[in-house]
Amino acid sequence: MSPAVGSLHHIEVWVADLARAEESFGRLLGALGYRPFQRWEGGRSWALGSCYLVVEQSPALSSDRHDRLRPGVNHLAFHAGDRAAVDALTADAQAHGWRLMYADRHPYAGGEGVYAAYLENADGFEVELVADAPGEER
């Protein structure tokens, strides 16, 4: 069966430090069910179903730090399973270089009824781990 028209094919994230990105993104993506997909001198990718995520250290970078507050992508949000899965992923991510954002409002920083964790890595990239709503299946 072909992927649905309009579904994401891949996402490419340019990073200043490939090794650091491989460690932070690779561990988190692996915990979310992604598998290593491609590997080349300047990049890595992980796939889940028909979609894959690339981190690449391009020689064309114009800055050495991502700024999620500038125009462009602010963050990536992932379905993470139930609340216990979000909690476990959050704890593991924090133990491996991700910082919990909005700790004073966690796990409802996204609003009442949205159980999620917002994490930022050392390079300023943000991910959101969203729990399934009660009764919702992945």
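Nothing here was measured: the structure is a model prediction, and the numbers come from that model.

A. Representation of the environment of glycine 33 in the model. Structurally, glycine 33 can be placed in the loop between helix H1 (18-31) and strand S2 (35-40). When the C-alpha positions of glycine 33 and tryptophan 46 are compared, they lie 9.4 Å apart, and in sequence the two are 13 residues distant. Once residues within four sequence positions are removed from consideration, glycine 33 is found in contact with Ala47 and Leu48.

B. Molecular detail of the pairing of strand S8 (residues 126-130). With respect to burial, S8 is a largely interior element, five of its five residues being buried. In this structure, strand S5 (residues 76-79) lies alongside S8, joined through four bridges in parallel fashion. Residue pairing for S8: leucine 76 is matched across the bridge by valine 127. Relative to S8, strand S7 (residues 116-120) is paired through five bridges, and the arrangement is antiparallel. Paired with leucine 119 across the strands is valine 127, a residue of S8. Counting the residues that bridge the hairpin from S7 to S8 gives five residues, and of these glycine 124 lies at a positive phi of roughly 90°.

Procedures and definitions
Numbers given for residues are sequential positions, taken from 1 along each chain in its written order. Given that the model is predicted, a residue must reach a pLDDT of at least 70 before its local features are reported, and side-chain atom pairs must reach 80 or more before they are shown or counted; all residues, however, enter totals for whole chains, interfaces and linings. Excluded from the side-chain calculation are hydrogens and water; included are all heavy atoms of the structure. The helix and strand labels rest on DSSP assignments: H or I over at least four residues marks a helix, E over at least two residues marks a strand, and numbering proceeds from the N terminus. Residue contacts follow a heavy-atom distance rule, with two residues in contact if any of their heavy atoms lie within 4.5 Å. Each residue gets one of three labels from its accessible area relative to the maximum for its type: buried under 20%, exposed over 50%, partly exposed in between, using a 1.4 Å probe on protein chains only. At least two bridges found by DSSP between two strands is the condition for calling them paired.

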